[in-house]
Amino acid sequence: MEAGAQEPIPPPSRAAYLLVVRDGAASFRRANSPEQAGELLCEWLEWHDLLDAQGRLRFCGAVEASRTSSKEEPGPVIGYLLVNAASPEEASEIAGSCPGITHGFAVEICRPFSPSPRWPWTQDPTHFPRS
């Protein structure tokens, strides 16, 4: 490195956070047309594209809801995203930008898995405990 040149600043450490999307939008579907639901789906896909372009999206998927919910329990899981975030606050910011939030959907944030040195298989993925 040349004299006087600054070293590049390393990017912040990023962890994977799992965002679990729950359907709480039954009232939205009852009050809106299929076209409006389609518009929300387009916004959702654009959100995925934006996260991907920002390097924040690792993986996403949709699942078919298999149960109904009551007021006491959360709605069924309908999708998930694995996102890169430098902190729980950044993960919360990403979750809060979900277009479904304003329509009754909920997004749960699951913390990243922290391997324990007591579990050797977390250090070496080729090493799994034998029964």
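Everything in this summary refers to the structure shown in the same document. (Residues numbered from 1 in each chain as written. Predicted model: local features only at pLDDT ≥ 70, side-chain atom pairs only at ≥ 80, totals over all residues. Heavy atoms only, no water.)

With that out of the way, let us pick up the nonpolar core. Leu19, Trp44, Trp47, Leu81, Val83 and Ile94 are the most contacted members of the largest nonpolar core, which totals 19 residues. Among the secondary structure elements, those contributing two or more residues to this core are strand 1 (15-22), helix 2 (34-53), strand 3 (77-85) and helix 3 (88-96). Among the elements that take part in this core, helix 2 stands out by supplying 4 residues, more than any other. (Core = buried A, V, L, I, M, F, W, Y, C linked by side-chain atoms within 4.5 Å. Buried < 20%, exposed > 50% of the residue type's maximum accessible area, 1.4 Å probe, protein only. Helix = DSSP H or I, 4+ residues; strand = E, 2+ residues; numbered from the N terminus.)

Before going further, it helps to examine the side chain of Glu90. As for its position among the elements, Glu90 is in helix 3. Discounting chain neighbours no more than four positions away, the residues touching Glu90 are Arg14, Arg56, Asn84 and Ala85. (Contact = heavy atoms within 4.5 Å.)

This paragraph deals with the side chain of Asp23. Mapped onto the elements of the fold, Asp23 is located in the loop between strand 1 and helix 1 (26-31). The residues touching Asp23, leaving out its near neighbours within four places in the chain, are Arg29, Gly75, Pro76, Ile78 and Phe105.

In a regular helix each residue adds 1.5 Å, so 20 residues correspond to 28 Å; helix 2 covers 29 Å between its end C-alpha atoms and thus fits that length. In this structure, the buried side of helix 2 is in contact with strand 1, helix 1, strand 2 (57-62), strand 3 and helix 3. Where helix 2 terminates, the next one or two residues include Gly55, which has phi positive at roughly 75°. (Expected span 1.5 Å × (residues − 1).)

That is the geometry; function is a separate question.
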